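In case you want the letters, here they are:
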There are 2 protein chains.
Amino acid sequence: MAKKFETLRASMKPEARARADAKARAMLVEMPLAELRQARGLSQKVLAEVLHVQQPSIAKMEKRTDMYISTLRSHIEAMGGELEVVARFPDGAVKINNFTDIGAAPT
Amino acid sequence: MAKKFETLRASMKPEARARADAKARAMLVEMPLAELRQARGLSQKVLAEVLHVQQPSIAKMEKRTDMYISTLRSHIEAMGGELEVVARFPDGAVKINNFTDIGAAPT
């Protein structure tokens, strides 16, 4: 069985293997913002209302690959969540709290 | 003993109590970027060299309460770490991977 797993791993592209390792290590589900919104059972329309923006802004925002931490925080808080910014090192992880004073309380 | 703990908790400001709760829940050390750099045994000078910027830029950056995720990622990667963006909900946590394609390989 262990052999088979190794065979499978060997057939994976290095990037895919690194991604799988990272996932296993973190033991967290990983997904983009749009998928997370759907998983929370929310529509773009509802989220737009909570954030007092137009629906296309949500669509655009979900496609972005970079944004201000404060923007992301508002977005996640609008879904009922809390943003955590973590720096992971081989010997441990640290939560960065430079950003926790701003936008802590949404709406 | 439980009584004493409760007494202590009751004497805490609500914000301090919320912070303590959040810390306990996440079981992660929490600190600002400057403290993290020191904990990694790095000087502003060394970090500035890795990031090809001037030392005052690092000083300024460490005081910021908001920044682009890509900027933060470069900063953390320059310290030898990896940035994780997590949305935490009462029923679980999700790693947001909208941002993982950009700036994945530093320097």
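Reading the values: the criteria
Sequence order sets the numbering: in each chain, residues are counted from 1 along the sequence as written. For naming, the first written chain is A and the first written ligand is 1, with later ones following in the order written. Totals for whole chains, interfaces and linings use all residues, but because this is a predicted model, local features are given only for residues with pLDDT of at least 70 and pairs of side-chain atoms are given and counted only at 80 or more. As a rule here, side-chain values come from all non-hydrogen atoms in the structure, and water together with hydrogens is ignored. We count a stretch as a helix when DSSP gives it H or I for four or more residues in a row; a strand needs E for two or more, and each element gets its number in order from the N terminus. The classification of residues rests on relative accessible area computed with a 1.4 Å probe and restricted to protein chains. Under 20% of the type maximum is buried, over 50% is exposed, and intermediate values are partly exposed. In this analysis, two residues are considered to be in contact whenever any of their non-hydrogen atoms come within 4.5 Å of each other. For every accessible area listed, the method is Shrake-Rupley and the probe measures 1.4 Å; residues are considered covered only by the protein chains on display. Defined in terms of a 1.4 Å probe, buried area is the accessible area two parts forfeit on being brought together, summed over both. Each reported salt bridge corresponds to a side-chain nitrogen of Lys or Arg within 4 Å of a carboxyl oxygen of Asp or Glu. Pairs of N or O atoms within 3.5 Å make up the polar contacts considered here, provided that, within protein, one atom can donate a hydrogen while the other can accept it, and that residues adjacent in sequence are counted only when both atoms are side-chain atoms. UniProt positions are given in the numbering used here, feature names are shortened, and annotations may be inferred rather than shown by experiment. Read the arc as the range of directions from the helix axis to the C-beta atoms. Two strands are said to pair when DSSP picks up at least two bridges between them. For helices, the axis comes from a line fit to the C-alpha atoms of the stretch in contact; other axes are also lines fit to C-alpha atoms, and the angle between any two N-to-C directions lies between 0 and 180 degrees. Stacked, edge-to-face and tilted are the three classes for Phe, Tyr and Trp ring pairs, Trp counted by its six-membered ring, which pair at centre distances within 6.5 Å; planes under 30 degrees apart are stacked, over 60 edge-to-face, the rest tilted. Whether a charge sits over a ring comes down to the Lys NZ or Arg CZ being within 6 Å of the ring centre and within 35 degrees of the ring normal. Confidence scores labelled pLDDT are given residue by residue by the predictor and lie between 0 and 100.

As annotated in an unreviewed UniProt entry, chain A carries the name Helix-turn-helix domain-containing protein and comes from Pelomonas cellulosilytica.

(A) How the structure looks around the overall build of chain A. Along its length, chain A carries six helices and three strands. For chain A, with 107 residues in total, the buried portion stands at 36%. Across chain A, every contact between residues at least 6 apart in sequence was considered, and the portion connecting residues at least 24 apart equals 42%. Of the roughly 6500 Å² of accessible surface on chain A, 57% is carried by carbon and sulfur atoms.

(B) Seen up close, unusual backbone geometry. Residue and element names in this part refer to chain A. Even without glycine at this site, His 52 takes up a positive phi of about 55°. Position of His 52 relative to the elements: it lies in the loop between helix H4 (44-51) and helix H5 (55-63). For His 52, a relative accessible area of 70% puts it in the exposed group.

(C) Structural context of the interface of chain B and chain A. Each partner contributes residues to the interface: chain B has 42 residues there, and chain A has 42 residues. Overall, the association of chain B and chain A removes approximately 4200 Å² of surface from exposure, summing both partners, and the carbon and sulfur fraction of that is 56%. For the pair chain B and chain A, the interface holds six salt bridges. The salt bridge partner of Lys 95 of chain A is Glu 30 of chain B, with a shortest N-O separation of 3.9 Å. Connecting chain B to chain A are 24 residue pairs in polar contact (both at pLDDT 80 or more).

(D) Structural view of the UniProt feature "domain: HTH cro/C1-type" (unreviewed entry) in chain A. The sites that UniProt annotates as "domain: HTH cro/C1-type" (unreviewed entry) are residues 33-63 of chain A. The span residues 33-63 of chain A shows a helical share of 77% and a strand share of 0%, and its end C-alpha atoms are spaced 8 Å apart.

(E) Fine view of H5 of chain A. Residues and elements named next belong to chain A. Burial in H5 covers these residues: Ile 58, Ala 59, Met 61 and Glu 62. Buried residues of H5, viewed axially, fall in a sector of 165°; they line one side. Opposite the buried face of H5, by more than 90 degrees, sit the exposed residues Pro 56, Lys 60 and Lys 63. Where H5 is buried, its residues meet helix H3 (33-39), H4 and helix H6 (69-78).

(F) Looking closely at the sheet that holds strand S2 (residues 82-89) of chain A. A sheet is described by the order of its strands in space; here six strands give the open sequence S1(A)-S3(B)-S2(B)-S2(A)-S3(A)-S1(B), paired in mixed fashion. Because the sheet does not close on itself, it has two edges, and the strands there are strand S1 (29-31) of chain A together with strand S1 (29-31) of chain B. Shown here is a sheet whose adjacent strand axes are inclined to one another by a mean of 40°, direction ignored. Both strand S3 (residues 92-96) of chain A and S1 of chain B contribute to a ladder of three bridges, which runs parallel. Counterpart to Val 94 of chain A in the pairing with S1 of chain B is Val 29 of chain B. Running at roughly 125° to S2 of chain A, H6 of chain A makes contact with S2 of chain A together with strand S2 (82-89) and strand S3 (92-96) of chain B of the sheet. Of the strands in this sheet, S2 and S3 of chain A together with S2 of chain B are in contact with helix H6 (residues 69-78) of chain B, which crosses S2 of chain B at around 125°.

(G) Spatial organisation of the packing of aromatic side chains. Under the definition given, this model contains one aromatic pair over all chains. Both rings, one in Tyr 68 of chain A and one in Tyr 68 of chain B, keep their centres 4.2 Å apart while their planes meet at 35°; by these two values the pair is tilted. Of this pair, Tyr 68 of chain A sits in the loop between H5 and H6 while Tyr 68 of chain B sits in the loop between helix H5 (55-63) and H6, which puts the two residues in different chains. A cation sits over an aromatic face here: Arg 40 of chain A above Phe 89 of chain B, 3.8 Å from the ring centre.

(H) Representation of the confidence of the model for chain A. On average, chain A scores 83 in pLDDT, and the residues at 70 or more come to 75%. Segment residues 103-107 of chain A is flagged for pLDDT under 50; beyond a separation of four residues in sequence, or across chains, it makes six contacts in the model.

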